[in-house]
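Residues per chain, in single letters:
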Amino acid sequence: MTATVDITELDLRIALQAFLMDITGLTIDNVLVGQQNLTPMPLHDFIIMTPLKQIGLSTNRVKYDDNGVYGEGKQLNQRSTQWPCQIDCYGENAADNAAIIGTLIRSDFACEWFRQNGNVITPLYCSDPHQTTMINGEQQYEGRWTMEFIGQFNPSVTTRQDFMDSITVGVIAADLKYPPES
């Protein structure tokens, strides 16, 4: 059995993307993941999400699952993990969208929204939006506001674990069976 994880980065990105689309009114074509090759920038307002890292917040919590069938036991290792994701808002409404996102992520509205829509991640906080205007390929200034979303999720990594129903223990005199060499 290969190790598996129950909450993937894709799950996190989809949850955050859905939230951003809901509060800004942008479509799936305008809330994208960063660092994609051969993907042109949309023409109007859009948001780019760039996952930055995963930070362990706890030691592992271990749970065992023995279903009684040999070779099908599981060990589940779970740890609380922080997920920072950079959010870049572009376009005419970049500043307004950044203000909406930065404000709502710090609210009970965001916590309830994520809880009701899959409960994959819990928003913790968001940095204050700041202007990071860029110059595009046509040497034109593009409105861009950047912030860092910080969320928490609790992934479980599952691995195979053998269990036994019974065992026979015997005693062997080690000094008789394995004499020291002279």
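Preceding this section is the structure that the text describes.
For clarity, every value in this text was computed on a predicted model and none was experimentally measured.

Novice: Sorry, what's going on with the packing of aromatic side chains here?
Specialist: For any pair of aromatic rings, geometry is given as the distance between the ring centres together with the angle between the planes. Taken as a whole and judged by the stated rule, the model has 8 aromatic pairs. Plain terms: the ring middles of F19 and F114 are 4.9 Å apart, the flat faces sit at 35 degrees to each other, and that makes the pair tilted. Within this pair, whereas F19 is found in helix 1 (residues 9–24), its partner F114 is found in helix 3 (residues 108–116), the two being separated by 95 residues in sequence. With respect to burial, F19 and F114 carry one shared label: buried. Aromatic side chains Y64 and F163 sit 6.4 Å apart centroid to centroid with 90 degrees between the ring planes, which places their arrangement in the edge-to-face category. Taken together, the residues span a long stretch of sequence, with Y64 in strand 5 (residues 61–65) and F163 in the loop between strand 13 (156–160) and helix 4 (174–177) at a distance of 99 residues. Judged by its relative accessible area of 29%, F163 is partly exposed.

Novice: Can you walk me through helix 2 (residues 94–104) in this structure?
Specialist: An α-helical segment advances 3.6 residues per turn. Residues three or four places apart therefore align on the same side. The complete set of buried residues in helix 2 reads A94, N97, A98, I101 and G102. All buried residues of helix 2 project into a common sector of 125 degrees when viewed along the axis, lining one side. Each element contacted by the buried residues of helix 2 is listed here: helix 1, strand 3 (46–51), strand 7 (81–90), strand 8 (122–126) and strand 12 (144–153).

Novice: I'm lost on the packing of helix 1 against helix 3 in this one. Help?
Specialist: Helix-helix packing is characterised by the crossing angle of the two axes and by the distance between the axes. Contact geometry for helix 1 and helix 3: axes closest at 11 Å, N-to-C directions at 125 degrees. Here helix 1 is positioned oblique relative to helix 3, judged by the angle of their axes. As helix 1 packs across helix 3, the resulting crossing turns out to be right-handed. Counted together, A15, L16, A18, F19, D22 and I23 of helix 1 and F109, A110, W113 and F114 of helix 3 form the full contact between these two elements. For the contact of helix 1 with helix 3, a count of residues per class yields 9 nonpolar, no polar and 1 charged.

Novice: What is the right way to read helix 1 from this model?
Specialist: Along its 16 residues, helix 1 runs 22 Å from first to last C-alpha, staying within 8% of the 22 Å computed at 1.5 Å per residue. Inspection of helix 1 places L12, A15, L16, Q17, F19, L20, I23 and T24 among the buried residues, and these make up the whole buried set. Looking at the buried side of helix 1, the elements it contacts are strand 2 (31–33), strand 3, strand 7, helix 2, helix 3 and strand 12. Remark: G25 follows helix 1 within two positions and exhibits a positive phi of approximately 80 degrees.

Novice: What is the right way to look at the sheet that holds strand 1 (residues 4–5) in this model?
Specialist: Two pairing modes exist for strands in a sheet, parallel and antiparallel, and in both the strands are linked by backbone hydrogen bonds. Within the open sheet, the 4 strands sit side by side as 1-13-6-5. Their pairing is antiparallel. What marks the edges here is a single partner per strand, and that holds for strand 1 and strand 5. As paired strands, strand 6 (residues 74–78) and strand 13 are joined by 5 bridges and run antiparallel to one another. Across the sheet, the residue bridging to Q75 is T159, located in strand 13.

Novice: Got a minute to help me understand the side chain of Q82 in this structure?
Specialist: Among the structural elements, Q82 can be located in strand 7. Classification of Q82 as buried rests on a relative accessible area of 15%. Excluding residues that lie within four positions of it along the chain, Q82 makes contacts with K53, Q54, I55, L57, L124, Y125, I150, G151 and Q152.

Novice: Explanation requested: the nonpolar core in the structure shown.
Specialist: One broad trend across soluble globular proteins is that nonpolar side chains are buried collectively. Within the largest apolar cluster, 27 residues are counted, with the highest numbers of intra-cluster contacts made by L16, L20, I87 and I101. Residue assignment for this core shows that the elements contributing at least two residues are helix 1, strand 3, strand 7, helix 2, helix 3 and strand 12. Looking at which element gives the most residues to this core, the answer is helix 1, with 6 residues. Ranked by size, the runner-up nonpolar core spans 5 residues in total, among them L32, I48, Y90 and M134.

Parameters and conventions
Residues numbered from 1 in each chain as written. Predicted model: local features only at pLDDT ≥ 70, side-chain atom pairs only at ≥ 80, totals over all residues. Heavy atoms only, no water. Phe/Tyr/Trp six-rings, centres within 6.5 Å; stacked < 30°, edge-to-face > 60°. Helix = DSSP H or I, 4+ residues; strand = E, 2+ residues; numbered from the N terminus. Buried < 20%, exposed > 50% of the residue type's maximum accessible area, 1.4 Å probe, protein only. Arc of directions from axis to C-beta. Contact = heavy atoms within 4.5 Å. Axes fitted to C-alpha atoms, helices over the stretch in contact; angles between N-to-C directions. Parallel < 35°, antiparallel > 145°, perpendicular 65-115°, else oblique. Left-handed = near helix turned anticlockwise from the far one by under 90°. Nonpolar A, V, L, I, M, F, W, Y, C, P; charged D, E, K, R; others polar. Expected span 1.5 Å × (residues − 1). Pairing = 2+ DSSP bridges. Core = buried A, V, L, I, M, F, W, Y, C linked by side-chain atoms within 4.5 Å.

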